[in-house]
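Coordinate inspection notes
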Amino acid sequence: MGAAGGEESADGGKMKKGTAIGPLDLRQLILILCSVVLLFVGMPGSGSCWWLLFIALVPFFLAIGQGTRRQAVWAGLLLGVCHFLALLYWLVNVLGHYGGLPLYVAVPALFLLALYMSLYTVAKGLFYYSLLHRGAALGLVWSMALFWVGLDWVRSVLFSGFPWMDLGYGLGGQPALIQSGDLWGHHGLTFLVVMVNVVIALLLDNRFRPQRPLLVIGPVASLLVVVGLYSSLQMNRFENQLNKVPSMTVGVVQGNIAQDQKWTPAMREKTVNRYIRLSRELGRQKKLDLLVWPETALPFYPSSNPLMAPLYGFVNNDQINLLSGSPWYEFVDSKSEKPLFYNSAILVEPVSRISGRVSKSHLVPFGEYVPLKKILFFLGPLVEAVGDFTPGTIEKALACHRARIGVLICFESIFPSISRQWAQKGATLLVNLTNDAWYGRTSAPHHSLAMSTLRAVETRRSLVRAANTGFSGFIDPLGRVRALSPLFEQWAKDDSVPLMSGKSPYVRGGYLFAPAALIISLLLLLLRKRLWGG
């Protein structure tokens, strides 16, 4: 089958025969698996060798160059399934241990998700194959990078969206490399990574190596130099600004409450007491303007629970403002028989009152609600522990002293549109309340931290992260992690947090780069014969 059988390639020649391994030959299989390994080791939490991302796709592109159109499909499918299985393996723990699903359901669910995600990789492989045989290396470099970014954007919005760890996020731990994120977001970083991979692949591909390599290398190298200079200038510019803008002292408490215990009646009072104790110890060291507790740190409904009494007593005695995650319910009107439930963050002032509330606007499918519940009734146990929530809306940032707070609850930090909307609403500080206990000791908390870092750079806002089991910490508008908790330990820390205002180029319009990239790449594909012949 495939190349092993001498199948004709798109350029009219016969492919060389090789050892067949299903639809791919042995050489192609080895190349694709090399890409899988390089991507895995390059990502945070599984090696963090970020520089490998600039060569990780080269074997994949070489494998496509050696094969037929059908083999390009199989190459994309194999890379996608293996990559996303390695990237998302922690979902089995989430669905099985905490979601109540048996392994024979949780494991196939992971495979189905990986299969869906791999469809985008298949499309990317076919796009590369289609343009590779047009003989225009320069056009391929830019078109492929644009198409890759465009499909990443589609994946972030289609079917509720799941933009988990696009390639650009792998650079999240390198502040010197990510400052252009305030222009074109993390998608721009992915664009650069893919371009470098395509250039290297073309230079190594004997069959398609450009006759004038400098025409391919020159524009890409020039762009990289410009981006590097921009990043350096932005680092210096904002370093000076951070010393001049207003700031506030914020404390973060990580309670480290076991996920399978926090909702039990016996643990609720212990949870509140633990958070109060850690907070008081932190407050003795420095006067805090704001104290932040994680998502559902209050494992009860505040409007009707006696445990609010000691909480009010704490904030009153210590004269502190508390922002904490908490479930919430309310009736739409007096005629409603059933209330609406929300995953919320409440701001408690030292006058025994809740002065503001924000509810999660982007809920987790199959975690906080079940899409098509009547059809997928067998997945009901997955949401029994947390309820069936209603999405909130992004309206007005919470006011606290000089800050205007935009709240990202749980995995809302992986959606750049949410932090962008908060910046547009006037937020001068982003706070991410999350409960990463679901992930266990996997690579997922490292992924969440990397994606949160890009939210700070894109919006040029400080981002405070409060996680039940970690990572908690402080990220400045340059994407630098100023303090970081260990995983699965009790932790409390304060920091002076800069409060920046204004709108970055990304917030103003740079977020349109990714959808525009998709449109441009598709136009280039349609016009490929006119532009490059073939």
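Higher on the page you've got the structure.
Summarised in this report is the structure supplied together with it. If you're wondering where the values come from, they're calculated on a predicted model, not measured in any experiment.

**Overview of helix α1 (residues 26-42)**
Think of an α-helix as turning once every 3.6 residues; residues three or four places apart then point the same way. Look at α1: 24 Å from first C-alpha to last across 17 residues, which is about the 24 Å you get at 1.5 Å a residue. Buried within α1 are the following residues: Gln28, Leu29, Leu31, Ile32, Ser35, Val36, Leu38, Leu39 and Gly42.

**Remarks on the sheet that holds strand β3 (residues 247-254)**
The six strands lie next to each other as β7-β6-β5-β4-β3-β14, forming an open sheet whose pairing is mixed. The strands lining the two open edges of the sheet, one partner per strand, are β7 (353-359) and β14 (491-498). Averaged over all pairs of adjacent strands, the angle between their axes in this sheet comes to 35°, without regard to strand direction. The pairing of β3 with strand β4 (residues 290-292) spans three bridges and is classified as parallel. Its bridge partner being in β4, Gly251 is matched across the sheet by Leu291.

**Let's talk about unusual backbone geometry**
The linkage connecting Gly470 with the following residue, Phe471, adopts the cis geometry, with an omega of 0°. Along the chain, Phe471 turns up in the loop between β11 (462-467) and β12 (473-475). Here the phi dihedral of Asn256 falls at roughly 55°; this positive angle occurs in a residue that is not glycine. The topology assignment puts Asn256 in the loop between β3 and α9 (265-285). Backbone geometry places Ser352, a non-glycine residue, at a positive phi of 55°. One can find Ser352 in the loop between β6 (340-349) and β7. For Ser352, a relative accessible area of 36% puts it in the partly exposed group.

**Focus on the pattern of salt bridges**
Going through the model one piece at a time under the given rule, you end up with 14 salt bridges. With a closest N to O distance of 2.6 Å, Glu239 and Arg480 form a salt bridge. With a gap of 241 residues between them, Glu239 in helix α8 (residues 213-242) and Arg480 in the loop between β12 and β13 (481-484) connect regions that are remote in the sequence. Using a relative accessible area of 31% as the deciding quantity, one classes Glu239 as partly exposed. A salt bridge links Arg455 to Glu458, with the shortest nitrogen-to-oxygen separation between them at 2.9 Å. Of the two residues, Arg455 and Glu458 both sit in helix α12 (residues 444-459), three residues apart, roughly one turn of that helix. The buried category is assigned to Glu458, whose relative accessible area is 0%. Taken together, the shared-partner salt bridges connect Lys124, Asp152, Arg155 and Asp166 into one network.

**So, a nonpolar patch on the surface**
On the surface, a nonpolar cluster with roughly 410 Å² of combined accessible area is contributed by Ile519, Leu523, Leu526 and Leu527. If you trace the backbone, Ile519 turns up in helix α14 (residues 513-526).

**A short note on the environment of Leu449**
Examined against the element boundaries, Leu449 turns out to sit in helix α12. A C-alpha to C-alpha distance of 6.9 Å links Leu449 and Phe471, two positions 22 residues apart in sequence. Contact partners of Leu449, with chain neighbours within four places excluded, come to Arg465, Phe471, Ile475 and Leu484.

**Topic: the side chain of Ser326**
Along the chain, the position of Ser326 falls in strand β5 (residues 321-330). A distance of 3.3 Å separates a polar atom in the side chain of Ser326 from the backbone oxygen of Phe300. Filtering out sequence-adjacent residues up to four positions away, Ser326 remains in contact with Thr296, Leu298, Phe300, Pro302, Tyr342, Asn343, Ser344 and Ile346.

**Observations regarding α8**
Its 30 residues give α8 an end-to-end C-alpha distance of 43 Å, which sits within 8% of 44 Å, the value for a rise of 1.5 Å per residue. The complete set of buried residues in α8 reads Val216, Val220, Leu223, Val227, Ser231, Gln234, Phe238 and Leu242. Along its buried surface, α8 packs onto α6 (137-157), α7 (181-204) and β14.

**Description of the packing of aromatic side chains**
A full pass over the atoms with the stated rule returns 23 aromatic pairs. Relative to Tyr120, the ring of Tyr116 lies with its centre 5.4 Å away and its plane at 85°, an arrangement referred to as edge-to-face. Of this pair, Tyr116 and Tyr120 are both found in helix α5 (residues 103-132), four residues apart, which corresponds to roughly one turn of the helix. With a centroid separation of 5.2 Å and an interplanar angle of 85°, the aromatic rings of Tyr301 and Tyr329 are classed as edge-to-face. Here Tyr329 lies in strand β5 and Tyr301 lies in the loop between β4 and α10 (308-318), a separation of 28 residues in the sequence.

**Observations concerning the packing of α6 against α14**
Look at α6 against α14: their axes get within 7 Å of each other, and the N-to-C directions meet at 130°. Taken together, the axes of α6 and α14 lie oblique to each other. Crossing handedness for the pair α6 and α14: left-handed. Together, Ser143, Leu146, Phe147, Val149, Gly150, Leu151, Trp153 and Val154 of α6 and Phe513, Ala514, Pro515, Ala517, Leu518, Ile520, Ser521, Leu522 and Leu524 of α14 make up the contact between the two elements. Each residue belonging to the contact of α6 with α14 can be placed in one class, and the counts come to 14 nonpolar, three polar and no charged.

What counts, and where the lines are drawn
- Residues numbered from 1 in each chain as written.
- Predicted model: local features only at pLDDT ≥ 70, side-chain atom pairs only at ≥ 80, totals over all residues.
- Heavy atoms only, no water.
- Helix = DSSP H or I, 4+ residues; strand = E, 2+ residues; numbered from the N terminus.
- Expected span 1.5 Å × (residues − 1).
- Buried < 20%, exposed > 50% of the residue type's maximum accessible area, 1.4 Å probe, protein only.
- Pairing = 2+ DSSP bridges.
- Axes fitted to C-alpha atoms, helices over the stretch in contact; angles between N-to-C directions.
- Salt bridge = Lys/Arg side-chain N within 4 Å of Asp/Glu carboxyl O.
- Patch = residues over 30% accessible without salt bridge, like charges linked within 9 Å, V, L, I, M, F, W, Y side chains within 5 Å.
- Areas by Shrake-Rupley, 256 points an atom, 1.4 Å probe, with all protein chains shown as cover.
- Contact = heavy atoms within 4.5 Å.
- Polar contact = N/O pair within 3.5 Å; in protein donor to acceptor, adjacent residues only side chain to side chain.
- Phe/Tyr/Trp six-rings, centres within 6.5 Å; stacked < 30°, edge-to-face > 60°.
- Parallel < 35°, antiparallel > 145°, perpendicular 65-115°, else oblique.
- Left-handed = near helix turned anticlockwise from the far one by under 90°.
- Nonpolar A, V, L, I, M, F, W, Y, C, P; charged D, E, K, R; others polar.

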